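One letter stands for each residue in the lines below.
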Number of protein chains: 2
Amino acid sequence: MTEKLSDTARETLLPPLTANGWTVSEDGKKLSKSFKFEDFPEAFGFMTRAAIYAEKWNHHPEWSNVYNTVDVDLTTHDVGGLSALDAKLARKMDQLI
Amino acid sequence: MTEKLSDTARETLLPPLTANGWTVSEDGKKLSKSFKFEDFPEAFGFMTRAAIYAEKWNHHPEWSNVYNTVDVDLTTHDVGGLSALDAKLARKMDQLI
């Protein structure tokens, strides 16, 4: 079951992500990061790797790509905020760069 | 050489695209289309196919993806507007859905 992160879970899960370039939106409902790559193949390769996990975990990013940049927003609409899946996908994306 | 589309070229190249769901921005500098798919794998599969041509032709879209939707903007920054490459990539994308 996907549940909204508790305050305690946020205090555990979010700081390592914000230390790694993720930002939490003002309303606390969204994790965002802008990834920069060498060129388009590198950027799209990253998206492809991330897409496989997104589908596997049935948790999909909202993202955009302009040449070597990939802007990612993560949120869990079902819970109206952040869930453990957002933190999990964010961590995975950082491993996939 | 990439050149800005002449008025004559626009009259030839753009109507088949707008008839197929593309819109030209008010300033005439951008072609846009929102593609809808069955699900995320279909949407991302489309992006992957399009990415290969984008890189091959060294002409990259500005695009975003949310689950089964892919929103595409095409423009040619080098010429400050639309070039034949935008029309070519738009046509190709329509073939790749």
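If you look chain A up in an unreviewed UniProt entry, it shows as Putative pterin-4-alpha-carbinolamine dehydratase from Pseudooceanicola atlanticus. The record held by UniProt for chain A lists under Sequence similarities (unreviewed entry) the comment "Belongs to the pterin-4-alpha-carbinolamine dehydratase family." The UniProt entry for chain A carries this comment under Catalytic activity (unreviewed entry): "(4aS,6R)-4a-hydroxy-L-erythro-5,6,7,8-tetrahydrobiopterin = (6R)-L-erythro-6,7-dihydrobiopterin + H2O".

**Q** Help me understand the pairing of strand β4 (residues 69-74) of chain A in this model?
**A** Two faces make up the sheet, and in a regular strand the side chains alternate between them. All names here are of chain A. Where strand β2 (residues 31-36) and β4 come together, 6 bridges link them in antiparallel fashion. Each bridged residue has a counterpart across the sheet, and for Ser-32 the counterpart in β4 is Asp-73. Alignment of strand β3 (residues 62-66) against β4, held across 5 bridges, turns out to be antiparallel. Bridge pairing in β4 links Asn-65 to Val-70.

**Q** It is not clear to me how the interface of chain B and chain A should be interpreted in this structure. Could you clarify?
**A** The extent of an interface is frequently quoted as the accessible surface area lost upon association of the parts. The interface of chain B with chain A comprises 16 residues on the first partner and 16 residues on the second. Between chain B and chain A the total buried area reaches about 1,300 Å² when both faces are included, carbon and sulfur atoms providing 73% of it. When the buried area of chain B at its contact with chain A is split by residue, Phe-40, Phe-44 and Trp-63 of chain B rank highest and sum to 37% of it. Connecting chain B to chain A are 0 salt bridges. Our count for the chain B to chain A interface comes out at 2 residue pairs in polar contact (both at pLDDT 80 or more).

Cut-offs used in this document
Residues numbered from 1 in each chain as written. Chains lettered and ligands numbered in written order. Predicted model: local features only at pLDDT ≥ 70, side-chain atom pairs only at ≥ 80, totals over all residues. Heavy atoms only, no water. UniProt positions renumbered as here; feature names shortened; annotations may be inferred. Pairing = 2+ DSSP bridges. Helix = DSSP H or I, 4+ residues; strand = E, 2+ residues; numbered from the N terminus. Contact = heavy atoms within 4.5 Å. Buried area = accessible area lost by both parts, 1.4 Å probe. Salt bridge = Lys/Arg side-chain N within 4 Å of Asp/Glu carboxyl O. Polar contact = N/O pair within 3.5 Å; in protein donor to acceptor, adjacent residues only side chain to side chain.

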